[in-house]
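Fold and geometry: a report
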There are 2 protein chains.
Amino acid sequence: MDLNFKKISIIGLGLIGTSILHAIKDKKEDELVTFAYDINPEHRKIVLQMKIATFVCEDIKDAVREADLVILAVPVGSMKTVANLIAPFLKKNTVVTDTGSTKGSVVNDVYPYMPDNVYFIPSHPLAGTEYSGPKSGFSSLFKNRYWLIVYDKKTYETKKLINFFQTLGSFVEIVNTEYHDKILAITSHLPHLIAYTIVGTASDLETDLKNDVIKFSASGFRDFTRIASSDPIMWRDVFLNNSDAVLEMLQRFNEDLSDLQKAIRKKDGVKLHSFFSRTRSIRKKIIDAGQI
Amino acid sequence: MDLNFKKISIIGLGLIGTSILHAIKDKKEDELVTFAYDINPEHRKIVLQMKIATFVCEDIKDAVREADLVILAVPVGSMKTVANLIAPFLKKNTVVTDTGSTKGSVVNDVYPYMPDNVYFIPSHPLAGTEYSGPKSGFSSLFKNRYWLIVYDKKTYETKKLINFFQTLGSFVEIVNTEYHDKILAITSHLPHLIAYTIVGTASDLETDLKNDVIKFSASGFRDFTRIASSDPIMWRDVFLNNSDAVLEMLQRFNEDLSDLQKAIRKKDGVKLHSFFSRTRSIRKKIIDAGQI
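Values in this document were obtained by computation on a predicted structure and should not be read as measured data. (Residues numbered from 1 in each chain as written. Chains lettered and ligands numbered in written order. Predicted model: local features only at pLDDT ≥ 70, side-chain atom pairs only at ≥ 80, totals over all residues. Heavy atoms only, no water.)

**Topic: the sheet that holds strand β6 (residues 119-120) of chain A**
Residues and elements named next belong to chain A. Reading across from one edge, β3-β2-β1-β4-β5-β6 is the order of the six strands in this open sheet, with parallel pairing throughout. Two strands lie at the open edges of the sheet, namely β3 (55-56) and β6, each paired on one side alone. Both strand β5 (residues 95-98) and β6 contribute to a ladder of two bridges, which runs parallel. Its bridge partner being in β6, V95 is matched across the sheet by Y119. In the packing of helix α4 (residues 79-86) onto the sheet, contacts are made with β1 (7-11), β4 (69-72) and β5, and the angle to β4 comes to roughly 155 degrees. (Pairing = 2+ DSSP bridges. Helix = DSSP H or I, 4+ residues; strand = E, 2+ residues; numbered from the N terminus. Contact = heavy atoms within 4.5 Å. Axes fitted to C-alpha atoms, helices over the stretch in contact; angles between N-to-C directions.)

Set out below in structure tokens:
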């Protein structure tokens with residue numbers, strides 16, 4: 001059973017797309033051919049200059065027509081348009097996957113366009129940085145990170161895809177779509193929303209105060225500004241496409257924050273100390289799980 | 001004009017206190033003597049074994065009676081008790097400073113106990129990690145970090161203290177007490193509160209979901225758990241002692257969060273994109289200010 005793809009198409013040349021190209025190139029498999037496409041001509045030009053793809057295509061159909069694996073690494077808000085564009089040109093038995101952070105929306109947006117003889121297996125690498133664009137990619141981005149697949153059929157094609165993600169260094173797990181969107185709402189989407197908010201709050205302060213906030217930015221705030229410097233289009237699309245799960249988690253968060261707010265107002269040191277002690281143990285578990 | 005202290009007392013042997021000891025030891029100034037004390041006998045024992053202080057004292061009064069500089073590196077909730085304990089044993093002309101993260105409370109708690117012939121000059125190094133305890137200190141903690149002084153008199157003693165902080169690698173600036181507490185509320189205290197909250201929210205999820213939150217913890221959440229693993233006593237004290245400024249900033253934050261919540265509910269992509277783009281520029285300014 002040959003589990004290797006021979007012709008891989010990457011649609012979207014941002015952090016994720018170019019990291020996949022770097023990682024594939026690092027494997028030095030001469031028989032493997034990559035096709036790269038981005039709607040932005042500037043991004044195509046940069047990838048061409050970096051020489052990380054076998055072919056950089058000027059037309060999206062040329063990027064997919066020969067591929068046995070097509071990876072959609074575009075913002076989730078563009079999945080529908082891209083699926084519609086590529087569908088007529090997909091080869092029989094091609095595996096199509098994506099890297100979007102909201103899986104319910106991608107399933108809804110992409111499935112209806114996929115021909116019957118094509119395997120659409122949605123996925124999501126839990127990997128990223130605050131940088132974006134074609135120059136931000138690097139080959140080890142997926143190393144020791146989970147790459148989730150939301151697809152319940154254990155077919156030959158699923159095995160091929162799992163094998164491919166493992167080749168890039170990832171641990172692969174299969175989860176259900178709705179569950180994925182809930183987990184991501186609390187571990188990724190809500191933290192980003194909060195970070196964007198607090199940096200926004202700081203940037204609305206009076207000028208003197210704002211300048212000194214930047215000058216004296218302490219460690220907590222610095223981390224938040226890093227998160228809040230992530231790609232605005234990607235994140236707009238995430239919140240538009242996982243709004244139910246995000247709003248649910250946000251409601252829980254708001255209740256907890258109100259509790260702590262009250263404890264501060266009432267100077268309830270016992271409650272604050274007990275809350276702050278509890279959260280420490282979660283950190284320890286993450287370190288133990290090797291995900292630092 | 002000799003700007004060097006000869007006998008330095010460190011009260012409180014946590015991250016900050018032991019980092020100061022490491023940094024002083026690294027200077028290899030043979031004439032400089034350090035006295036170390038912590039209320040916890042275990043911490044004293046560890047510092048004794050690490051050999052980073054000239055003397056580890058079993059009694060707090062022995063740690064201060066010869067010192068020409070006393071540094072209080074205890075949680076801000078303990079400042080009052082410590083000031084009361086050491087006051088009778090302070091030498092004439094001794095400079096006393098502290099490293100607390102809330103300056104209004106420290107001024108209120110310590111000043112009344114200080115003898116007239118002692119110089120109390122409150123300060124705060126904008127430096128830290130999520131680790132705590134006597135083993136967490138390291139000599140470069142203060143390097144290229146701001147060390148703020150809240151004291152408006154430019155005396156010989158202030159100059160000595162500034163010189164000392166600069167020797168540890170810090171940039172020193174003088175700010176006003178209330179202004180300090182506002183800046184720290186938004187750059188440090190509120191981010192910590194938010195991080196504690198979101199990690200708490202996650203730890204209240206149903207068991208399956210919670211386990212997978214840990215397993216699949218993505219980059220946003222990981223950063224929050226790091227912040228939320230900071231010392232619970234230190235942070236309890238911060239919120240109890242800077243409650244006005246924290247509650248004011250929290251109110252602004254809540255207003256902004258409600259706005260974004262509404263934008264998500266209404267699927268207002270234009271608003272989300274514009275907000276997320278604005279916060280990116282703040283990050284750039286912090287990088288330009290060299291505080292990453």
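**Structural notes on the packing of helix α5 (residues 103-110) of chain A against helix α7 (residues 177-203) of chain A**
Residues and elements named next belong to chain A. Packing of α5 against α7 leaves a shortest axis separation of 8 Å and a crossing angle of 135 degrees. If you check the angle between α5 and α7, you find them oblique. When α5 is examined against α7, the residues K103, G104 and V107 are found in contact with a partner set consisting of T177, H180 and D181. A breakdown of the residues in the contact of α5 with α7 according to their chemical character gives one nonpolar, three polar and two charged. (Parallel < 35°, antiparallel > 145°, perpendicular 65-115°, else oblique. Nonpolar A, V, L, I, M, F, W, Y, C, P; charged D, E, K, R; others polar.)

**Let's talk about the relation of the copies chain B and chain A**
Superposition of chain B onto chain A requires a rotation of 180 degrees combined with a translation of 0.0 Å along the rotation axis, giving an RMSD of 0.0 Å. The two molecules are tied by a two-fold rotation axis, judged by turn and shift. Distance from the rotation axis, computed per C-alpha, reaches its smallest value in chain B at D223(B): 3.6 Å. Take the interface residues of chain B: 100% of them recur as interface residues in chain A, which is what a same-surface contact looks like. (Least-squares fit on C-alpha atoms with pLDDT ≥ 70 in both.)

**Here's the deal with the environment of D231(B)**
Along the polypeptide, D231(B) turns up in the loop between α9 (219-227) and α10 (232-241). Setting aside chain neighbours within four positions, we find D231(B) in contact with R280(A), S132(B) and Y196(B).

**Quick notes on the domain arrangement of chain A**
All names here are of chain A. Domain parsing of chain A yields domain 1 (7-175) and domain 2 (179-288). Listed by partner, the interface residues are 17 residues for domain 1 and 14 residues for domain 2. For the pairing of domain 1 and domain 2, the buried interface totals around 1200 Å² over both sides, and the portion due to carbon and sulfur atoms is 63%. Broken down residue by residue, the surface that domain 1 buries against domain 2 is led by S101, T102 and E130, which jointly contribute 41%. Here domain 1 is connected to domain 2 by one salt bridge. In this structure, E130 and R226 form a salt bridge, with 3.2 Å as the shortest nitrogen-oxygen distance. Where domain 1 packs against domain 2, one counts six residue pairs in polar contact (both at pLDDT 80 or more). (Domains from an automatic or database assignment. Buried area = accessible area lost by both parts, 1.4 Å probe. Salt bridge = Lys/Arg side-chain N within 4 Å of Asp/Glu carboxyl O. Polar contact = N/O pair within 3.5 Å; in protein donor to acceptor, adjacent residues only side chain to side chain.)

**With respect to helix α4 (residues 79-86) of chain B**
Residue pairs spaced three or four apart in an α-helix point in one direction, given the helix's 3.6 residues per turn. Residue and element names in this part refer to chain B. Of the residues making up α4, those classed as buried are M79, V82, A83 and I86. Looking down the long axis of α4, one finds its buried residues gathered within 100 degrees of arc, a one-sided arrangement. Packed against the buried residues of α4 are β1 (7-11), α3 (60-64), β4 (69-72), β5 (95-98) and α5 (103-110). (Buried < 20%, exposed > 50% of the residue type's maximum accessible area, 1.4 Å probe, protein only. Arc of directions from axis to C-beta.)

**Focus: the packing of helix α11 (residues 243-265) of chain A against helix α12 (residues 269-288) of chain A**
All names here are of chain A. Direction vectors running N to C along α11 and α12 enclose 140 degrees, while the axes themselves pass 8 Å from each other. Taken together, the axes of α11 and α12 are oblique relative to one another. The element α11 and its partner α12 pack so that their crossing is left-handed. Contacts between α11 and α12 involve D259, L260, A263 and I264 on the former and, on the latter, K271, L272 and F275. (Left-handed = near helix turned anticlockwise from the far one by under 90°.)

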